[in-house]
Structures are given as C-alpha cells and as structure tokens.
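Structure at a glance
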Amino acid sequence: MRPIIGIGAYPRLVETAFGPTLLHTASRFYVRAVEVAGGVAVILPVTEPDRVGDVLPLLHGVLLTGGGDVQPSLYGATPMDCTSEVNPERDGFEVALLQGAMAAAVPVFGICRGMQLMNVAMGGTLLQDVYVATGQFHHDPHRWREGVHRVKIEPRSRLADALGVTELPVNSVHSQGIDRVAPGVRAVAWADDGSIEAIEADSPQQVLGVQWHPEVLEDQPEHRGLFTDFVEQARRLAARA
Ligand code: MN
C-alpha cells in the first residue's frame, strides 16, 4: 500500500481568465520527490484550522513546504520591513496541521518555510532576515539547484540516518532563519557560519525540518534519502491503520 502524503499548499494570487484568483499551489518538485519515494502526493488547500481533524485521518505523512514568511506575531516579534508575503490563514492552518499530526503520530517533514513554521508552532523564534541579523548571506536564488554552502549534521540524528552522511553541500534560498530553537526540539545541522539548517522534535515519530530545498537537488542522491525515509515512516503508519 502506498502511503498518502499531504503537501501543504502555497496560496498565491495568480492572474487567470477570471481575473486575479487565489490558487492553492505546490511545486512539481515536491510532488515528484514524494512520488519517486513511493508515496501518493495529495495537495492540501489552506482551510479553517478546525478542519484539520477531518483531513488528518486521510493522511500518513505531512509535508510542510516553502513560501512566504511566517507571521512575526506568532513568535512575539514586530514585523520588520524585510518581512514579506505573510499569510495568517496559511500559518493558522499549518500550525493546526502540525499539532494534529504530532498528536496522531503522523510523520512530518518541513522544508524551508515549513521548518521555520514548525519551530514557531512549537515555541521557537525566527530571524526575520539572516543577513540583517548576522551579516551572513543565505539567499542565493540564482543558484537554487546547486550546493552553495556546506552543512554539518549531528551524527546521532534522524537526519544523519536519512542522509547517510554527516556533511554535505546544500542550496540556500532563504532570507529568514531559525533564531531560538523551540523547547522539545534540537538543531541537527549547521552551516559553517553557525546558522541552523535543520531541526528535529523529540517525538516518537519523525518531525524533522530542513532549511534547504532537497526536492530540487536531484543530482545529489543523498538528498533523496530525506524523502525515502519520510515516506517509509508514512508507509509504516499506513500498515498499522
Ligand atoms: Mn542556508
């Protein structure tokens, strides 16, 4: 049985034949990475947080994806000028989705904004702009499919087990980053400048997030391990149901 992986959509206002229309979107790279790993990809539109209880029983894994910035008020901060594309509806839905998944032992994998959202939902904080806060440059969209900086991985971690290595090059397309790691969560990967590049929750099932975009690094086979490991955990949950 193939496990069902819910992919959190990125709502975007797009010009259509009917005028500007809000579309619930997911990049083809996420869909393909889930399918290549053996999962069934289902895109989850942003809806009311109280609908999470109806959606979660249909899923065996939750993938939280990239997108705009998390609403700073969720971590007690005032928005800076650099903070953009805030979507409180998406934030509210995904926080509820994460909390519901954790309560139901559904594995969660967060990518970029998805990792940041996880940290905030569990009580951590973000740097609204890594460059402003630290002087370190992590936003290199022109080289989005290349390893542009190295990360070192905590050897005793789910992340290291999934990747099969403790050091590897990653892409870096993020203006924001993790500041304070949430309680019950630990950092498990760092750039050479000390920036946190991955986190894991202290939970029975996988609740793991990475700051880079493994779904577009298909040329580097180690990154595929993140999806195969995630989908394998989802498969185990599906087999128990
Ligand atoms: Mn980076």
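Before reading further, recall that the structure is shown in the block above.
Quick look at the structure, then. Given the structure is predicted, the values throughout are model-derived calculations rather than measurements.

Moving on, we get to the environment of isoleucine 5. Following the sequence through the fold, isoleucine 5 ends up in strand 1 (residues 4–8). Its relative accessible area of 0% is what places isoleucine 5 among the buried residues. Put simply, isoleucine 5 and valine 231 are 226 residues apart on the chain and 7.7 Å apart in space, counted from C-alpha to C-alpha. Sequence-distant contacts of isoleucine 5, that is, excluding residues within four places in its chain, are made with Val34, Gly39, Val40, Ala41, Val42, Gly61, Leu63, Phe230, Val231 and Ala234.

Turning next to the coordination of the manganese ion. His138 (ND1), His149 (NE2), Ser172 (OG), His174 (NE2) and Glu197 (OE) make up the full set of protein donors to the manganese ion, lying at 2.3 to 2.4 Å. One chain supplies every donor to the manganese ion, and in sequence these donors are spaced H-x10-H-x22-S-x1-H-x22-E. You can see histidine 138 sitting in the loop between helix 5 (130–134) and strand 8 (149–153) and its partner histidine 149 sitting in strand 8, a full eleven residues away along the chain. An identical accessibility class is assigned to histidine 138 and histidine 149; each is buried.

Next up on the list: the packing of aromatic side chains. Any aromatic ring pair is given by two values, namely how distant the centres are and how the planes are angled relative to each other. Across all of its chains, the model carries three aromatic pairs by this definition. With a centroid separation of 5.6 Å and an interplanar angle of 80°, the aromatic rings of phenylalanine 29 and tryptophan 144 are classed as edge-to-face. Here phenylalanine 29, found in helix 1 (residues 28–36), pairs with tryptophan 144, found in the loop between helix 5 and strand 8; they are 115 residues apart in sequence, far enough to count as distant. Ring plane angle 75° and centroid distance 5.4 Å describe the contact between phenylalanine 109 and phenylalanine 227, whose orientation is recorded as edge-to-face. Of this pair, phenylalanine 109 sits in strand 6 (residues 108–111) while phenylalanine 227 sits in helix 7 (residues 221–240), and the two are 118 residues apart along the sequence. Each member of the aromatic cluster is reached from another via a ring pair, and the members are Phe109, Phe227 and Phe230. In this arrangement the basic side chain of arginine 28 is found over the ring face of phenylalanine 29, its NZ or CZ atom lying 4.3 Å from the centre. Above the ring of tryptophan 144, the side-chain terminus of arginine 145 is found at 5.5 Å from the ring centroid.

Reading guide: rules and limits
Residues numbered from 1 in each chain as written. Predicted model: local features only at pLDDT ≥ 70, side-chain atom pairs only at ≥ 80, totals over all residues. Heavy atoms only, no water. Helix = DSSP H or I, 4+ residues; strand = E, 2+ residues; numbered from the N terminus. Buried < 20%, exposed > 50% of the residue type's maximum accessible area, 1.4 Å probe, protein only. Contact = heavy atoms within 4.5 Å. Donors = N, O, S within 2.8 Å, 3.2 Å for Na, K, Ca; no water. Phe/Tyr/Trp six-rings, centres within 6.5 Å; stacked < 30°, edge-to-face > 60°. Lys NZ or Arg CZ within 6 Å of the ring centre and 35° of its normal.

Geometric values such as these leave the question of function open.
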